[in-house]
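What follows is each chain in one-letter form.
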Amino acid sequence: MKVVIIGGGAAGMSAASRVKRLRRDVDVVVLEGSNMVSHAPCGIPYYLEGLFDNYDLLMHYTPDYFRNVRGINVRLNEAVVEVGQNYVKTNKGNSFDWDYLVLATGAIPITPSIPVRGDHVFMVHHPAEAMRLRDALYSVSTIGIIGTGYVGLEVAEALRFRGKDVVMIGRSGYPLRKSLDEDIGNIVKDELIKYGVKLRLNEKILEIDSQGDKQVIITDGGKYMVDAVILATGIRPNIELARQLNLRIGETGAVWVNEYMRTSIDSIYAAGDIAETKNLITSKPYWHPFGTTANKMGFVAGSNIVGKPMIFPGVVGTSMTRFMNLYIASTGLTTQEAVRYGFKVRSAVITARTKARYYPGGGYVTIKLIIDERNMRLVGAQVLGDDGSYVLGKIDTLAALMVKGAAVEDLFMSDLAYLPAVTQVWDPLIIVARQFLRD
């Protein structure tokens, strides 16, 4: 049996590894258009910040590891240019037959439909481009970031850490609008301002021009002269090859798959940022382009290809980031999303200490919990704090409960650990749940 996998990122290498784990006799070929596999795009901002200098660390495992240890035929710098029933052709003139095909082509950056001129306009997307990007940004002083999402925040931190002047421009009124409600987003906004990021919100980009060795960002609210521009305006599924195969495209614009990661053609699977999934809170189609989801999708696809049935049930949409000393996490729906999907929304916000009052040190955590008042089910949460492990623990607990459809009383009755050095006897999660149980 021959399995060809297009794309050597998280989903692709997880699928390849799973197939070889279960069936060593299967011929597995991974075709990757760049010089990296098992790459970690989330590490790019930290590489830009200078937290590490070894470019190879942006790969979890090397190509030779997959070849020599796992027996996978990894082919680098070999992009697929044509795909059809039972064959693919690459830019190197090679052709590969397949019995099963896995599309793991990921996502590609969204380019704003505006005039863009100049040589110092960049995107933060693939680790293969990270070295060139770092060299370019280290040599300039003032950088404009277009976009206030995860990438924009993390790159802003990296550049401020390097002493760069940063102007961040966004259409929304506060950062991370897709993940946070306004009251929580405003806390993030204050943190950005505190650390010297020049925020220009509620402004629409009209044009990026060049003037000598400078770039000029023109919005409906002003003009900003910078040395370089980073476009952090989002991503979309890379479905070009899926269209060649006439695969069904889902409501989100990603490839439709069933719970086995199988596409509308039985012998073709899709996994990772190219694939649509289900939101477990709304039961609606959903797109969640994160490495954690991609790894599991690839694992499930690989299992099913070799006859070990496994399903990917969906996600609740959990994510986390950081700006300087503020860790930011969310899961489930924002208030606006919950209302749009017809939930009867009720929310509560608390701020609590992270340790017992008498224990030295510690900080504070802010938790917003959103429920459906009709059945008291948890539908969303947002957590901010200065301790990354603490914030991670809280959001992961909430996400695990939401996956199982838990109600607020389930959260209140959760048997959580207590130690004065690491939390309060009334855990902040229990405190926020209690707000809904007062009557």
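Provided above is the structure to which this section pertains.
Sequence order sets the numbering: in each chain, residues are counted from 1 along the sequence as written. At least 70 in pLDDT is required for a residue's local features to be given in this predicted model, at least 80 for side-chain atom pairs to be given and counted, and no such filter applies to totals for whole chains, interfaces and linings, which use all residues. Side-chain numbers come from the whole structure's heavy atoms, not from hydrogens or water.

To continue, consider the sheet that holds strand β9 (residues 121-123). Here the rule is simple: two strands pair whenever DSSP picks up at least two bridges between them. Strands here are runs of E lasting at least two residues and helices are runs of H or I lasting at least four, both read from the DSSP assignment and numbered beginning at the N terminus. The strand order across the open sheet formed by five strands is β9-β16-β10-β11-β12, and the pairing between neighbours is parallel. The two strands at the open ends of the sheet, each matched to only one other strand, are β9 and β12 (198-200). On average, each strand axis in the sheet is tilted by 20° relative to the strand beside it, whichever way the strands run. Inspection of the sheet shows strand β10 (residues 142-146) paired to strand β16 (residues 228-231) by four bridges, in the parallel sense. By the bridge assignment for β16, I143 is matched with A228. The contact criterion used throughout is that any non-hydrogen atoms of two residues lie within 4.5 Å. Axes here mean lines fitted to C-alpha atoms, for a helix over just the part in contact, with angles spanning 0 to 180 degrees between N-to-C directions. This element, helix α4 (residues 130-138), spans β9, β10 and β16 of the sheet and lies at about 140° to β9. Sheet strands touched by helix α5 (residues 150-161): β10, β11 (165-169) and β16. Its angle to β11, the strand with the most contacts, is close to 165°.

Throughout this description, buried means an accessible area under 20% of the type-specific maximum (1.4 Å probe, protein chains only), exposed means over 50%, and partly exposed covers the range between. Within the span of α4, buried status applies to A130, L133, R134, A136 and L137. Relative to the axis of α4, the buried residues are bounded by an arc of 165° and lie together on one face. In α4, the exposed residues that point more than 90 degrees away from the buried face are R132 and D135. For α4, the secondary structure elements touched by its buried residues are α2 (44-49), β9, β10, α5 and β16. It is the directions from the helix axis to the C-beta atoms that the arc portrays.

What follows concerns helix α8 (residues 291-305). Compared with the 21 Å implied by 1.5 Å per residue over 15 residues, the 21 Å span of α8 between its first and last C-alpha is a close match. Within α8, burial applies to T293, A294, M297, G298, V300, A301, G302, S303, N304 and I305. At its buried positions, α8 is contacted by β1 (2-6), α1 (10-22), β7 (100-103), β18 (268-270) and β19 (277-278). Phi for G307, located one or two positions after α8, is positive at around 90°. For a helix, the expected span equals 1.5 Å multiplied by the residue count minus one.

For the rest of this paragraph, the subject is the packing of aromatic side chains. Centres within 6.5 Å are what make two rings of Phe, Tyr or Trp a pair, Trp counting through its six-membered ring; a difference in plane orientation under 30 degrees is then read as stacked, over 60 as edge-to-face, and the rest as tilted. Tallying each qualifying case throughout the model produces nine aromatic pairs. Centre to centre, the rings of Y150 and F290 are 6.1 Å apart; their planes meet at 85°, and the pair counts as edge-to-face. Highlighted residues: Y150 in helix α5 and F290 in the loop between β20 (285-286) and α8, separated in sequence by 140 residues. Taking the relative accessible area as the measure of exposure, Y150 reaches 19% and is therefore buried. With a centroid separation of 6.1 Å and 75° between ring planes, the pair formed by Y195 and F323 is classed as edge-to-face. Taken together, the residues span a long stretch of sequence, with Y195 in the loop between α6 (182-194) and β12 and F323 in strand β21 (residues 319-323) at a distance of 128 residues. Members of the aromatic cluster, connected to one another through ring pairs, are Y47, F52 and Y55. Comment: the charge-over-ring label is applied if NZ (Lys) or CZ (Arg) is within 6 Å of the ring centre and within 35 degrees of the ring normal. The residue whose ring lies beneath R134 is Y47, and the NZ or CZ to ring-centre distance is 4.1 Å. In this arrangement the basic side chain of K394 is found over the ring face of Y390, its NZ or CZ atom lying 4.6 Å from the centre.

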